[in-house]
Amino acid sequence: MYSTFYIAGTALTFIFIILILQFIKLVTTETAPNPNASRIIIIDDFRNTQGWDMGGIPPVEINQFIQMIEPEKYSYIGTETISFSTNDQIKDALTYFVGGDYFDMYPFDLISGHTFTKEDVEKKNKVTVVTEDIAKESFPKGDAVGKTITIQGNEYKIVGVVASYSLLTFADGSASLWIPSCFDKFIPSYRPWFRLHIQFPDSMNENQMKKKLVNGVRAFYENKNQEIDIDENDIYTQQESKIKKYFSGYILYGVGGALVLLLLIPALNIVILSNAQSKSRAEEMAIKRAIGATRLSVFWQLLNENFILVTIGIVIGGILTIPAANIIQSFVLGNIMSDQTSLISRFDFSVLILQVLPLALLFVFLSGGIPAYLVSKKNISLSLRGGNNI
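What you are looking at is a predicted structure, and each value in this text was computed from that prediction instead of being measured.

Caption draft 1: Highlighting the packing of aromatic side chains. Tallied over the entire structure, the rule returns 20 aromatic pairs. Ring centres of Tyr76 and Phe194 lie 5.3 Å apart, and the angle between their planes is 50 degrees; on these two criteria the pair is classed as tilted. Here the residue Tyr76 occupies a position in strand β4 (residues 73–86), and Phe194 occupies one in the loop between β10 (177–180) and β11 (195–199), the gap between them amounting to 118 residues. We classify Tyr76 as buried; its relative accessible area is 16%. Residue classification places Phe194 among the buried positions, given a relative accessible area of 6%. On the numbers, 5.2 Å between centres and 90 degrees between planes, the contact of Phe220 with Tyr221 is edge-to-face. On the basis of relative accessibility, which here comes to 1%, the residue Phe220 falls in the buried class. Judged by its relative accessible area of 2%, Tyr221 falls in the buried class. Feature note: the residues Tyr102, Phe103, Tyr106, Phe108, Phe116, Tyr165, Phe170 and Trp178 constitute an aromatic cluster, connected by ring pairs. Taking the ring centre of Tyr96 as reference, the NZ or CZ of Arg195 above it sits at 5.6 Å.

Caption draft 2: Examining the pattern of salt bridges more closely. What the rule picks out here adds up to 11 salt bridges. Asp44 is paired through a salt bridge with Arg191; the nearest N and O atoms lie 2.7 Å apart. Residue Asp44 is found in the loop between β1 (40–43) and β2 (46–47), and its partner Arg191 is found in the loop between β10 and β11; the two are separated by 147 residues along the sequence. Residue classification places Asp44 among the partly exposed residues on the basis of a relative accessible area of 23%. Taking the shortest distance from any N to any O, the salt bridge between Lys224 and Glu61 comes out at 3.1 Å.

Rules used throughout
Residues numbered from 1 in each chain as written. Predicted model: local features only at pLDDT ≥ 70, side-chain atom pairs only at ≥ 80, totals over all residues. Heavy atoms only, no water. Phe/Tyr/Trp six-rings, centres within 6.5 Å; stacked < 30°, edge-to-face > 60°. Helix = DSSP H or I, 4+ residues; strand = E, 2+ residues; numbered from the N terminus. Buried < 20%, exposed > 50% of the residue type's maximum accessible area, 1.4 Å probe, protein only. Lys NZ or Arg CZ within 6 Å of the ring centre and 35° of its normal. Salt bridge = Lys/Arg side-chain N within 4 Å of Asp/Glu carboxyl O.

Shown next, in the form of structure tokens:
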């Protein structure tokens, strides 16, 4: 019974430890499909110096604006939550209408097929790319490449399926469908402009990127006899925006607080349980010492037993991490996340090796090492008489 409770408690503790570490890594590092987040700045709409909303860069003027910025790469995106139909099913999905270097800037992991290109946008080819979640939900065995879906009266051929990815990878949402920008009707948003994603060279630092962008925006609107209210301090890279978005507000304090509580409660229970078990075995250890066992051998025996139980618990916890993330997504974040997005899409083994294992060793010494030490140094005669003095 002790072993069962110990393993279950350890598994529960490390499920939440792994979730927290995965969350921190996804937000603070540049992971695929957004490996250049610290070099990409997103611009949307602007206000003039009188405070009037000026909208964004008009689609027909994007090329003119880009020539003034001279970025390494750029893409433009229209975002719409719209319905699509296929196989007599109608579903909603966050859809990106994209152009420029989008799939070069964001190298998604391909499951099958390929992404579409600038030429597809220029030639107005009716093609689309979908996530594996959409493919599995809409087609038998997820075999989507070559099939078609209908969106806003147009039929698009699926040319590629990309792996699911965490919404924490991006600062501005996670799409499930991608369509060439030329087909964007700006419905239902009724925002007749695209968000521009500007990627600067690696040789430029953040201040240089922001300064160049701000100067470019000001010059662009000055040519139209307009003054724009824009400042470098109000511009953020994607990486800065991710940290600002996810390390503040509801997700940090609400979900973060819940995870910490769920971590501390089972961890504390394990320490108490381990201490009680060690005390109950004090007489057994005293007999072993009486027939020749050393304090060190008794200590290592108890510690090794704890290590085995912790290892089993961590393995079970690791296996259950993604299902646990899906449960949290469904029951805690269900109102702010769509069914086609993932909080954590896959297990990052580097987190397990570089962070979880050291924490596991610390956990073993704290939960099992301290009680084992106290038992190993206990007076033999007092233990055999049932005494409690150390």
